[in-house]
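# Secondary and tertiary structure notes
Each chain is listed here by its residues.
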Amino acid sequence: MRIQWLGLLAPVILLAGCDFSQDDKDKAAPSPPAEVAATQIDGDFLTTGGDGTNWAAIGFNYYEQRFSPLSAINRSNVEQLGVDWTVDLLPGQVPQSTPLAVDGKIYITAPRSRVVAFDAATGEQLWSFNAGLAQPGEGQKVTGVGNQGLAIWKGRLYVGTLDGQLIALDAITGAQLWSIQTGTATGQYRITSAPRIVKNMVIIGSGRAADGGRGYVSAYDTTDGALRWRFYTVPKSDGAVDQSSSDAVLGTARQTWGGAALGAAAGGYVTDAITYDPDLDRLYVGVGAGPGTAPDGGDRLFLSSIVALNPDDGEFLWHYQETPGGRPAYGANQPFVLADLPVPTAIPEAKATPGAVPTPGVAPCPMIAPPPGPEGDTIRRAQAECQARAKVSVPNRKVLLHASDNGFFFVIDRTNGKLISATPLFDQQRWAEGYDLQTGRPLQPGSAAQARNNPSSDAAPASRNARQQTATTSRPAFPLVDPARAPRWMSFNPQTGLIYFTLPKYSAQASGETTAGSGVSTDARQPRWSLDGAQIVAFDPVTATVRWQRDLSVAQNGSPLSTAGGLVFLGTGIGRLVALDAATGETLYNQDLGSGILSAPSTFLIEGVQYIAVTTGFGATFDWPAPQSARGDGESAADDSDASEPAGWLLRVPARPRLVMLRIGGSTQLPAVPRARPSPVPTPQSTPGSAPSPQAEPARP
């Protein structure tokens, strides 16, 4: 599907209703009542998230499950959902933040680190804050300026900026209270992620703005911005210490780099994966990848790792490295979800005693991590049947759930960092056959098959039984992570036990360089697959199986929200807000909001009425294929807008940045995404010799 990006050039005219002038930081709202709910948002509140009246954290609560206990909007009435009001935002840039809602007010961030507050009942703008970053000129490309959102704590808002500042604002007036530079030099680091607040400390990471930087995560005092501690994720090339909480462990990590790699030690940025565990009083940090590959074959800690820290002082507790060596684009910095689940403990066959009484809390069935495809489905069914026959009651375990950029879904014991399961999310993977569940390390292509087919190998039966059973096949390289998309926020529904997230969908290309006689790409980092839309997946982390999945029309989409009403809400790149049945994936609601969505919605109560809030603004032109039902591929996409639209047409999705509020009975009409118009190219394939369509680079965080 060819994409032409629209609406990503900064215009000079602002939409009516929004004031984003340079002096916004001095603009205050009328005096509010003395006591407001914003002052009551603290650690106790964020542990649960409350009863759903407010949405006070980016992931609802500390566990970041993005699940709301509200059920007034449910499967029986969601078709009556309608737009109540909208407000236009700064044009030309795509908002990506999840709206926070506290005490009848809505807070969002806009691109270039702006913050806006609205009256949730009317849409009236209460105040706006401009961090003073330079704006692009007319016709200038706008890239990398997104902001994922805010944190609120005891009456204050906290936001990171593109030039590396961390700023505290008064939640009622929008007045700046303090600002500090988090980077070692202005402009060397940028912040696009949302801060987290733990024990009166603002926890924030960094993104790269200049080459050669090292990643870190820092804690600042919420009162005055004083630095409390900092943990660096990679060592200094010269072995010097940083006078930080990471000094001791980086001495050990340095040994995993090797001489050539250590001389260029960099990367490991901490962006969107920062999660506090109130049960164990720990902080989990996802570390990004590094530059290049490891020439000496070292692991290059802590690239592509999950690191657990003591939130009081940043002391290192444990780590798990998802991708040893930190391959480019295979970072571990996608958001986490914390949950308590009855995940069984793997029992190797060699240790199973015939007729023995099962140990309480331990599954008596071997938990082989299955491969994708029919072979894996057979293994999963056998495991499920074994568990059902044994009728073993497995107690809950404290787990961390992570859909990694390396193409695996990880379930990790968050008490000790041990790998429980690693499930491949794509059939097209080649960089690893799976994971050894005893060592936690990936299996290189061919190693799993060799262990299966050679009984006299050094691998013990217990180890063989715990390995992924993936057949050796010739496959193109696993595609790079799409850099244009927002973070893959996930939503876990404790009622269904399923976790929902979106994935890109790929189709194989016929051409591409291959290793002689193997049919395998010579470069594992180079994609040999074409992007062909996306899917929303309902994944069962206990059985490591996909319960259901639905296609989405295009690759760029928002992230899901699940509710106690039995629904999963998702905004899509073609401008549709859909509500799916959380148990089956059936589309129960499909509303055109007039512009593409890259953000995640939130839900809350306003005067006792449940609302859904979401931001729009993604614009592009898509070569429109025939709907799946018309192509004979089965069920139509979850967000199909019109099954009568033929192939070879263009769907032009306008870039209209808005905050949209919906409720049952809402009746405001929005201009719809224009119907497909005839394409200058009669089919989705390019005509030989034709000039390429002009394209602009999409905005990215």
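Being a predicted model, the structure only gives us computed values, none of them experimental. (Residues numbered from 1 in each chain as written. Predicted model: local features only at pLDDT ≥ 70, side-chain atom pairs only at ≥ 80, totals over all residues. Heavy atoms only, no water.)

When we look at a pair of aromatic rings, we describe it by the centre distance and by the angle of the planes. Scanning all chains against the criterion turns up 21 aromatic pairs. Pairing F302 with F316 gives two aromatic rings, centres 5.4 Å apart and planes at 35 degrees, and the pair type is tilted. Placement of F302 in the loop between strand 19 (282-286) and strand 20 (305-309) and of F316 in strand 21 (residues 316-321) is noted, with a sequence separation of 14 residues between them. A relative accessible area of 23% places F316 in the partly exposed class. Arranged with centres 5.5 Å apart and planes meeting at 50 degrees, the rings of Y330 and W431 form a pair that is tilted. Here W431 lies in the loop between strand 25 (418-424) and strand 26 (434-435) and Y330 lies in the loop between strand 21 and strand 22 (337-341), a separation of 101 residues in the sequence. An aromatic cluster is present here, built from Y320, Y330, F408, F410, W431 and Y435 joined pairwise through their rings. Taking the ring centre of W489 as reference, the NZ or CZ of R66 above it sits at 4.5 Å. (Phe/Tyr/Trp six-rings, centres within 6.5 Å; stacked < 30°, edge-to-face > 60°. Helix = DSSP H or I, 4+ residues; strand = E, 2+ residues; numbered from the N terminus. Buried < 20%, exposed > 50% of the residue type's maximum accessible area, 1.4 Å probe, protein only. Lys NZ or Arg CZ within 6 Å of the ring centre and 35° of its normal.)

So, on to the confidence of the model for the chain. Per-chain confidence: the chain averages 77 in pLDDT, with 68% of residues scoring 70 or above. Note on residues 1-36: pLDDT is under 50 here. Beyond four places in sequence and across chains, it has 112 contacts. The model gives residues 480-485 a pLDDT under 50, and that stretch makes 16 contacts with residues more than four places away or in other chains. (pLDDT = per-residue confidence, 0-100. Contact = heavy atoms within 4.5 Å.)

To continue, consider the sheet that holds strand 3 (residues 81-88). Strand order in the open sheet formed by 4 strands is 3-40-37-36, and the pairing between neighbours is antiparallel. The open sheet has two free edges, formed respectively by strand 3 and strand 36 (602-606), since each of these has just one partner strand. Put simply, the sheet's adjacent strands are angled 30 degrees from each other on average, direction ignored. Direction of pairing for strand 36 relative to strand 37 (residues 609-616): antiparallel, over a ladder of 5 bridges. When the sheet's bridge partners are listed, F604 is paired in strand 37 with Y611. (Pairing = 2+ DSSP bridges. Axes fitted to C-alpha atoms, helices over the stretch in contact; angles between N-to-C directions.)

Sheet architecture is open: 5 strands sit in the order 2-32-33-34-35, paired in mixed fashion. Looking at which strands have only one partner, the edges of the open sheet turn out to be strand 2 (67-68) and strand 35 (587-592). Two elements, strand 2 and strand 32 (residues 561-563), share 2 bridges in a ladder whose sense is parallel. What sits directly across from S68, in strand 32, is T563.

A separate point is the pattern of salt bridges. A side chain of one charge can pair with a side chain of the opposite charge if their charged atoms are brought near each other. All chains considered together, the criterion is met by 20 salt bridges. For K398, the salt bridge identified is with D340, shortest N-O distance 3.2 Å. Of the two residues, K398 sits in strand 23 (residues 397-403) while D340 sits in strand 22, which places them 58 residues apart along the sequence. For D340, a relative accessible area of 34% translates into the label partly exposed. In the salt-bridge network here, residues are joined through shared partners; they are D277, D279, D340, K398 and R414. (Salt bridge = Lys/Arg side-chain N within 4 Å of Asp/Glu carboxyl O.)

Within the secondary structure, R488 is located in the loop between helix 6 (461-465) and strand 28 (491-493). For R488, the contacting residues outside a window of four places in its chain are Q334, P335, A403, S404, D405, F501, T502, L503 and S559. From its side chain, R488 meets the backbone oxygen of S404 in a polar contact 3.3 Å long. (Polar contact = N/O pair within 3.5 Å; in protein donor to acceptor, adjacent residues only side chain to side chain.)

Right, let's talk about the environment of F492 for a bit. By the secondary structure assignment, F492 is in strand 28. In this structure, the C-alpha to C-alpha distance between F492 and T563, residues 71 residues apart in sequence, is 9.4 Å. Look past the residues within four positions of F492 in its chain and what remains in contact with it is Q65, F67, V337, A339, L341, L401, G497, L498, I499 and S562.

The side chains of a regular strand alternate between both faces of the sheet. Note: strand 20 against strand 21, 5 bridges, orientation antiparallel. Each bridged residue has a counterpart across the sheet, and for L309 the counterpart in strand 21 is F316. Here strand 20 hands over to strand 21 after 6 residues, with G314 in that stretch at a positive phi of 75 degrees.

It is worth spelling out the environment of L133 at this point. With respect to the helices and strands, the residue L133 is situated in the loop between strand 7 (125-129) and strand 8 (151-153). For L133, a relative accessible area of 9% translates into the label buried. Between the C-alpha atom of L133 and that of D163, which follows or precedes it by 30 residues, the distance is 7.8 Å.

Our next topic: the side chain of R66. Among the secondary structure elements, R66 is positioned in the loop between helix 1 (43-48) and strand 2. Despite being buried, R66 has no salt bridge partner; E64 is the closest side chain of opposite charge, sitting 6.0 Å away. Only 3.1 Å separates the side chain of R66 from the side chain of T98, close enough to count as a polar contact. Each residue touching R66, except ones within four places of it in the same chain, is listed here: W55, I58, G59, T98, W489, M490, S491, P560, L561, S562 and A600. (Lys, Arg positive; Asp, Glu negative; His and termini not counted.)

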